[in-house]
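Listed below are the residues making up each chain.
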Amino acid sequence: MTVPAKNNSPYSFNNPLLQQVGIKQPLNKPSLDHVDLITGKITGVIPPGSPGYAVTNASGVAGAAIVYNPTATISQQIHSNNMRSTRQRDGSTQLTFTTTFTAGNTPSYIRARGTNIPVATPNVTDSAGSPLLDINNSLVSCTDPACPTHLATANGVKKVTFDVQAYSNVWFYANPIFIRPEGSPKLLVEKNADLAKRLSERADNDHDGHDHDHDHDGHDHDGRDHDGHDHDGHGHDWD
């Protein structure tokens, strides 16, 4: 992964969320703290509304629910200090690491998640390093003289909200890698990929048919045959 020399933040004062734990990191120059490698089992499709599809979130906010996989876990956590760091010509830093996993005998997935926030940062991450709800960030004060005036306040004190919150609490999520043991049924993602490929091929064939029709001299310039029928693909079932 590559960490740019700086981002597009208009602010260069130190991240107020990180100052809680003694880290001085300008908002326009975030750096990676760690990467989580998250794994979980693939148990099949759960229709919306079914028991176990969604649960009330951890803070108990009324009406708010999250969709989650109860088997998901942080299998490995790699700190940036344990990665190979290479400075690039443009000032960015390339970070790499190598690790291994042993696939089980049931379908599963693995995905990467990374952040500039250390584990157990007050009002930001829990003891495992997972993010708390963003609303908790507003409990942290923004005391730097450069903190903008539009931030929400409590008792006259500016809080980490709006764009300052967004530039303070930075995460990335990689797409999952799906693992299916040999001989087991295809996963839904594979079936959907096959369906998407077939639909794409049909669309390509239909498009080629249009081009082929217009190449023949037996067609009028409005795309009709001499029998007066349109050849735009209408009248055909494509399901």
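Scroll up to find the structure.
Predicted model, so just to flag it, every value in this text is computed and none were measured.

Chemist: I keep staring at the overall build of the protein and nothing clicks. Help me out?
Modeler: Counting secondary structure elements, the protein contains three helices and 12 strands. A buried classification covers 28% of the 239 residues belonging to the protein. Taking as baseline every contact in the protein between residues at least 6 positions apart, the subset at least 24 positions apart corresponds to 60%. Summing over all exposed atoms, the protein offers an accessible surface of approximately 15700 Å²; the carbon and sulfur share of this is 51%.

Chemist: Any chance you could explain the nonpolar core here in plain terms?
Modeler: When a protein is soluble and globular, its nonpolar side chains tend to lie buried together. Counting 13 residues, the largest nonpolar core has F13, C142, V160 and V164 as its most contacted members. In this view, V160 contacts P16, L17, N137, S138, V140, S141, C142, Q165 and S168; residues no more than four positions away in its chain are not counted. Counting nine residues, the second largest nonpolar core, distinct from the first, contains L37, I78, M83 and I110.

Chemist: When you look at the state of the cysteines in this model, what are you seeing that I'm missing?
Modeler: Disulfides are covalent bonds that link the sulfur atoms of two cysteine residues. Tallied over the entire structure, the rule returns one disulfide. Paired through a disulfide, C142 and C147 show a sulfur-sulfur distance of 2.0 Å. In this structure, the disulfide formed by C142 and C147 twists by about -85° around the S-S bond and is classed as left-handed. A relative accessible area of 4% places C142 in the buried class. By relative accessible area, which is 4% here, C147 ends up buried.

Chemist: Would you mind going over the pairing of strand β8 (residues 108-115) with me for this structure?
Modeler: Within a regular beta strand, the side chains point alternately toward one face of the sheet and then the other, so they alternate between its two faces. Most of β8 is tucked away, with seven of its eight residues classed as buried. Where strand β2 (residues 34-41) lies against β8, eight bridges are found, and the strand directions are antiparallel. Within the sheet, the bridge partner assigned to K41 lies in β8 and is S108. The pairing of β8 with strand β12 (residues 177-179) spans three bridges and is classified as antiparallel. Its bridge partner being in β12, Y109 is matched across the sheet by F178.

Chemist: How should I be thinking about the environment of Y68 in this particular structure?
Modeler: Inspection of the secondary structure puts Y68 in the loop between β4 (65-67) and β5 (73-79). Taking the C-alpha atoms as reference, Y68 lies 7.8 Å from V55; in sequence the two are 13 residues apart.

Chemist: In this structure, what is going on with the sheet that holds strand β1 (residues 2-3)? I would like to understand it.
Modeler: The three strands are arranged β1-β7-β6 in an open sheet whose pairing can be described as antiparallel. Two strands bound the open sheet, and with one partner strand each, they are β1 and β6 (84-87). In terms of strand pairing, β6 meets strand β7 (residues 93-96) through four bridges, oriented antiparallel. Along β7, the bridge assignment pairs R87 with T93.

Chemist: Teacher, can you tell me more about the packing of aromatic side chains here?
Modeler: Two aromatic rings, taken as a pair, are described by how far apart their centres are and by the angle between their planes. Taken as a whole and judged by the stated rule, the model has two aromatic pairs. Residues Y11 and F13 carry aromatic rings whose centres are separated by 5.6 Å and whose planes lie at 45° to one another, so their mutual orientation is tilted. Side by side, Y11 and F13 carry an identical accessibility label, which is buried.

Analysis parameters
- Residues numbered from 1 in each chain as written.
- Predicted model: local features only at pLDDT ≥ 70, side-chain atom pairs only at ≥ 80, totals over all residues.
- Heavy atoms only, no water.
- Helix = DSSP H or I, 4+ residues; strand = E, 2+ residues; numbered from the N terminus.
- Buried < 20%, exposed > 50% of the residue type's maximum accessible area, 1.4 Å probe, protein only.
- Contact = heavy atoms within 4.5 Å.
- Areas by Shrake-Rupley, 256 points an atom, 1.4 Å probe, with all protein chains shown as cover.
- Core = buried A, V, L, I, M, F, W, Y, C linked by side-chain atoms within 4.5 Å.
- Disulfide = S-S within 2.5 Å.
- Pairing = 2+ DSSP bridges.
- Phe/Tyr/Trp six-rings, centres within 6.5 Å; stacked < 30°, edge-to-face > 60°.

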